[in-house]
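Given next are the chains, with one letter for each unit.
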Amino acid sequence: MFELYDRHRREVIAISDTKKGVVRIAAQVLKEQTRRVLRDFVIRPHLDPPVRIYYMKGFKPARKK
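These numbers were taken from a predicted model, which means no experiment stands behind them. (Residues numbered from 1 in each chain as written. Predicted model: local features only at pLDDT ≥ 70, side-chain atom pairs only at ≥ 80, totals over all residues. Heavy atoms only, no water.)

Visitor: Break down the overall build of the protein for me, citing the residues and quoting the values.
Guide: A count of helical and extended segments in the protein gives one helix and three strands. Taken across its 65 residues, the protein has 18% of its residues classed as buried. Considering only contacts in the protein between residues 6 or more positions apart, those separated by 24 or more positions represent 45%. (Helix = DSSP H or I, 4+ residues; strand = E, 2+ residues; numbered from the N terminus. Buried < 20%, exposed > 50% of the residue type's maximum accessible area, 1.4 Å probe, protein only. Contact = heavy atoms within 4.5 Å.)

Visitor: Break down unusual backbone geometry for me, citing the residues and quoting the values.
Guide: Unlike most non-glycine residues, Arg-10 shows phi in positive territory, near 55°. According to the relative accessible area criterion, Arg-10 is exposed, its value standing at 70%.

Visitor: Can you explain the nonpolar core? Please cite residues and give values.
Guide: Most often, soluble globular proteins keep nonpolar side chains buried together rather than apart. In terms of nonpolar packing, the biggest core is built from six residues, these being Leu-4, Ala-14, Val-22, Ala-26, Val-29 and Phe-41. Top element by residues in this core is helix H1 (residues 19-32). It accounts for three residues. Residues contacting Ala-26, with those up to four places away along its chain left out, are Leu-4 and Phe-41. (Core = buried A, V, L, I, M, F, W, Y, C linked by side-chain atoms within 4.5 Å.)

Visitor: Give me the sheet that holds strand E1 (residues 2-6): which residues, what numbers.
Guide: Hydrogen bonds along the backbone pair up the strands of a sheet, which may run parallel or antiparallel. Overall, antiparallel pairing links the three strands, which are arranged E2-E1-E3 in an open sheet. Strands at the two margins of the open sheet, each flanked by one partner only, are strand E2 (11-16) and strand E3 (41-45). Between one strand and the next, the sheet's axes are offset by a mean angle of 25°, whatever the strand orientation. Here E1 runs beside E3; their pairing, made up of five bridges, is antiparallel. Residue pairing for E3: Leu-4 is matched across the bridge by Ile-43. (Pairing = 2+ DSSP bridges. Axes fitted to C-alpha atoms, helices over the stretch in contact; angles between N-to-C directions.)

Visitor: Outline the side chain of Arg-36, listing residues and values.
Guide: Positionally, Arg-36 belongs in the loop between H1 and E3. Of the polar contacts made by the side chain of Arg-36, one reaches the side chain of Asp-6; its length is 2.6 Å. If we ignore the near neighbours within four places in the chain, the residues touching Arg-36 are Asp-6, Arg-9, Glu-11, Ile-13, Val-29, Leu-30 and Phe-41. (Polar contact = N/O pair within 3.5 Å; in protein donor to acceptor, adjacent residues only side chain to side chain.)

The following block contains the structure:
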């Protein structure tokens, strides 16, 4: 998975399975939104944030038997 990230606006624009798909989306965004600039785009691997588990007060998780 790859994502198209805008450095200037600090936002993820699109996510795709292939790098070629992200390049195609970037070309389409540049045609439609003329204020965006190519040098602000970064193609980088998409990493899901780690899952964190929070326990509420008084809540006890079920134990494995």
